Amino acid sequence: MAILPIVQFPNPILEKPCADVTEITTDIRQLAADMAETMYKAPGVGLAAPQVGRSLRMIVMDVSEDKNNLMTLINPEIIEVSEEVCTGEEGCLSLPGIWEKVERHTAVTVRFMNLEGEEITMPAEGLLAICIQHELDHLKGTVFIDHLSRLKYDRACAKLKKRRAQAAKSA
Ligand code: K1U
Ligand code: ZN
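Keep in mind that this is a model prediction, so the values were computed, not measured. (Residues numbered from 1 in each chain as written. Chains lettered and ligands numbered in written order. Predicted model: local features only at pLDDT ≥ 70, side-chain atom pairs only at ≥ 80, totals over all residues. Heavy atoms only, no water.)

Undergrad: Explanation requested: the coordination of the zinc ion (ligand 2) in the structure shown.
TA: Around the zinc ion (ligand 2), the protein supplies Cys92 (SG), His134 (NE2) and His138 (NE2) as donor atoms, at distances of 2.0 to 2.3 Å. Here the donor residues of the zinc ion (ligand 2) share one chain and are spaced in sequence as C-x41-H-x3-H. Taken together, the residues Cys92 in the loop between β4 (85–90) and β5 (100–105) and His134 in helix α2 (residues 126–140) connect sequence positions 42 residues apart. Of the two residues, Cys92 and His134, both sit in the buried class. (Donors = N, O, S within 2.8 Å, 3.2 Å for Na, K, Ca; no water. Helix = DSSP H or I, 4+ residues; strand = E, 2+ residues; numbered from the N terminus. Buried < 20%, exposed > 50% of the residue type's maximum accessible area, 1.4 Å probe, protein only.)

Undergrad: What am I meant to see in the nonpolar core here?
TA: Considering soluble globular proteins, one finds that nonpolar side chains tend to be buried as a cluster. Judged by nonpolar contacts, the single largest core of 17 residues is most densely connected at Ile59, Met61, Leu73, Met122, Leu128 and Ile132. Every element with two or more residues in this core is listed here: β2 (58–61), β3 (71–81), β6 (107–113), β7 (119–125) and α2. Here the element with the most residues in this core is α2; it accounts for six residues. Membership of the second largest hydrophobic core comes to 15 residues, among which are Phe9, Val143, Ala156 and Leu160. (Core = buried A, V, L, I, M, F, W, Y, C linked by side-chain atoms within 4.5 Å.)

Undergrad: Whenever I open this one, the pattern of salt bridges confuses me. Can you help?
TA: When charged atoms on two side chains of opposite charge get close, those side chains can pair. According to the stated counting rule, one finds six salt bridges in the structure shown. Where Arg104 meets Glu90, a salt bridge forms, and the shortest distance between an N and an O atom there is 2.8 Å. Pair noted here: Arg104 is in strand β5 and Glu90 is in strand β4, with a separation of 14 residues, a long-range link. The shortest N-O distance in the salt bridge between Arg150 and Asp154 comes to 3.2 Å. Residue Arg150 and its partner Asp154 are both found in helix α3 (residues 150–169); the two are separated by four residues, about one turn of the helix. In this structure Arg150 comes out as exposed when scored by relative accessible area, which is 60%. Ionic contacts of the salt-bridge type, sharing partners, join the residues Glu90, Arg104, Asp137 and Lys140 into one network. (Salt bridge = Lys/Arg side-chain N within 4 Å of Asp/Glu carboxyl O.)

Undergrad: Quick question: what am I supposed to make of the environment of Glu84 here?
TA: You can see Glu84 is positioned in the loop between β3 and β4. Residue classification places Glu84 among the exposed positions, given a relative accessible area of 53%. Distance from Glu84 to Arg104, taken between C-alpha atoms, is 8.7 Å for residues 20 residues apart in sequence. Sequence-distant contacts of Glu84, defined by excluding residues within four places in its chain, comprise Arg104, His105 and Thr106. (Contact = heavy atoms within 4.5 Å.)

Undergrad: Would you mind going over the site of ligand 1 with me for this structure?
TA: Around ligand 1, a shell composed of 16 residues is seen, among which Val45, Gly46, Gln51, Leu93 and Glu135 lie nearest. A distance of 3.5 Å separates an oxygen atom of ligand 1 from a polar backbone atom of Pro43. Within the side chain of Glu135, a nitrogen or oxygen atom sits 2.7 Å from an oxygen atom of ligand 1. When ligand 1 is considered free in solution it has 510 Å² of accessible area, and contact with the protein chains removes 82% of it. With six residues, the single largest contributor to the shell around ligand 1 is α2. Here the shell around ligand 1 is composed, by residue class, of eight nonpolar, six polar and two charged. (Near = heavy atom within 4 Å. Polar contact = N/O pair within 3.5 Å; in protein donor to acceptor, adjacent residues only side chain to side chain. Areas by Shrake-Rupley, 256 points an atom, 1.4 Å probe, with all protein chains shown as cover. Nonpolar A, V, L, I, M, F, W, Y, C, P; charged D, E, K, R; others polar.)

Geometric descriptors of this kind do not, in isolation, establish any biological role.
This is how it looks when you write it as structure tokens:
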């Protein structure tokens, strides 16, 4: 297993829709294991393949408190969403230090393939539902700040730039 570098915003790979995984090969299993290790180390509750430089439709997630419920979702699709929406703070490992309120569906149903090639349909609510929507956005080439107003988007970019300049200065 390996910890992979996390692609930082802005980067063209974070803006590009990802391709379907066509076969669950050794490479895909290795990528899933490396993504999980990278997510736990960060630490994060989810990670999408483009965030580690692979434009493929796969994500890993673990929203459990004890970090013992790893899920790998291959070619995930949201097939049902609740009418009810909620607003909560989100962050992103590709935009460290930026936290903003985003509106999401309170509950979703996601269909995906697991690493054994089985098709699963899973209802989700709470943080899991938020995480699924955040990670599926990455697979479409969207980051969470794309949901903000122009003003808030620009402020988030400026904050990111400032943090990076400060980090470079103290390095
Ligand atoms: O995609 C990513 O960059 C991972 C990101 C996903 C996320 C999902 C839901 C809400 C916010 C962010 C993170 O894991 S950010 C860091 C994190 O560890 C965290 C987020 C929410 C609650 C608890 C922890
Ligand atoms: Zn993210």
